[in-house]
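Understanding the architecture of this molecule
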Amino acid sequence: MTKIMMKLGRYSFSVDTAAYGRFERSAAYRWAAQERHGREAALQYLGPGDETVSLSGVIHPHFRGGLGQVADMRREAGRGTPLLLVDGRGNVLGRWVILSVAETHGVLFNDGVPRTVEFTLNLRYFGRV
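Residues numbered from 1 in each chain as written. Predicted model: local features only at pLDDT ≥ 70, side-chain atom pairs only at ≥ 80, totals over all residues. Heavy atoms only, no water.

**Brief notes about helix α1 (residues 69-78)**
Note the cut-off: Burial status follows relative accessibility: with a 1.4 Å probe on protein chains alone, a residue under 20% of its type maximum counts as buried, one over 50% as exposed, and anything between as partly exposed. Helix and strand definitions follow DSSP, with helices as H or I runs of at least four residues and strands as E runs of at least two, each counted in order from the N terminus. Arc, as used here, means the arc of the directions from the helix axis to the C-beta atoms. Two residues qualify as a contact provided that any one of their heavy atoms is within 4.5 Å of a heavy atom in the partner residue.
Within α1, the full set of buried residues consists of Q69, V70, M73 and E76. One side of α1 holds all its buried residues, which, seen down the axis, span an arc of 115°. Turning to α1, the residues buried within the fold contact β1 (4-8), β2 (11-14), β4 (39-59), β5 (83-87), β6 (92-108) and β7 (114-125). Backbone geometry just downstream of α1 places G80 in the positive-phi region, at approximately 70°.

Structure below.
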C-alpha cells in the first residue's frame, strides 16, 4: 500500500511516485500606513496577504511512477481550478492554485531518457469560498 505524503486535487505525492524533499510555506500579512501630521505614520492591519507553498523533489522514473508524473502535474494545473491540498496526516490545508511547474532532467541514459527528474511546484492559496 502506497503511503501518501500529500494530495493536491487528483495528484498524489508519495515515495512511490513524486516524493517531495522540500516543503516551503510562506504567509504574508497586509499593513497600510496611515499618515499623521507631525508624526511618523501609524500602521493599520488589513488582514492576511498571500500565502504560498513550494514543493520540490526528485522523481526516479525508472524506479516507480514513470516519466509522465510532471505531465500529470501540468495537466492538473491546466484545469484552471482551485485544488484541495491535504497532507499525509489528513490535515486539509484548503484550496490552492498551481502557479508554475518546473522540471530539470539529469543523469541521462544513452537515448536521452532521464534517470532523475527534479521538479518544483509553486502554489498560491485560493482563499476561502
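**A few points about the sheet that holds β1**
Just so we agree on the cut-off: Two strands qualify as a pair provided that DSSP identifies no fewer than 2 bridges between them. Axis geometry follows a simple rule: fit a line to the C-alpha atoms, using only the stretch in contact for helices, then measure angles between N-to-C directions, giving values from 0 to 180 degrees.
The seven strands are arranged β2-β1-β5-β6-β7-β4-β3 in an open sheet whose pairing can be described as antiparallel. At either margin of the open sheet sits one strand with a lone partner, and together these are β2 and β3 (19-36). On average, each strand axis in the sheet is inclined to that of its neighbour by 30°, with strand direction left out of account. Bridge count between β1 and β2: four bridges; the pairing is antiparallel. Note that in β2 the partner of K7 across the bridge is S12. Across the sheet, α1 is in contact with β1, β2, β4, β5, β6 and β7; its angle to β6 comes to roughly 145°.

**Overview of a nonpolar patch on the surface**
To keep it simple, the criterion reads: Patches here: salt-bridge-free residues with over 30% relative accessible area, like charges joined within 9 Å, nonpolar side chains (Val, Leu, Ile, Met, Phe, Trp, Tyr) joined within 5 Å. Here the Shrake-Rupley method, with its probe set to 1.4 Å, supplies the accessible areas, and only the displayed protein chains count as covering residues. Salt bridges are identified by distance alone: a Lys or Arg side-chain nitrogen within 4 Å of an Asp or Glu carboxyl oxygen.
On the surface, a cluster of nonpolar side chains totalling about 510 Å² of accessible area is made up of Y29, W31, L43 and Y45. Within the residue set of the nonpolar patch, elements represented by two or more residues are β3 and β4. Tracing the backbone shows W31 in strand β3.

**Quick word on the nonpolar core**
Rules: In this description, a nonpolar core means a group of buried Ala, Val, Leu, Ile, Met, Phe, Trp, Tyr and Cys residues linked to one another through side-chain atoms lying within 4.5 Å.
Of all hydrophobic cores here, the largest spans 21 residues; its most connected members are L8, F13, M73, F119, L121 and L123. Elements represented by at least two residues in this core include exactly β1, β2, β4, α1, β5, β6 and β7.

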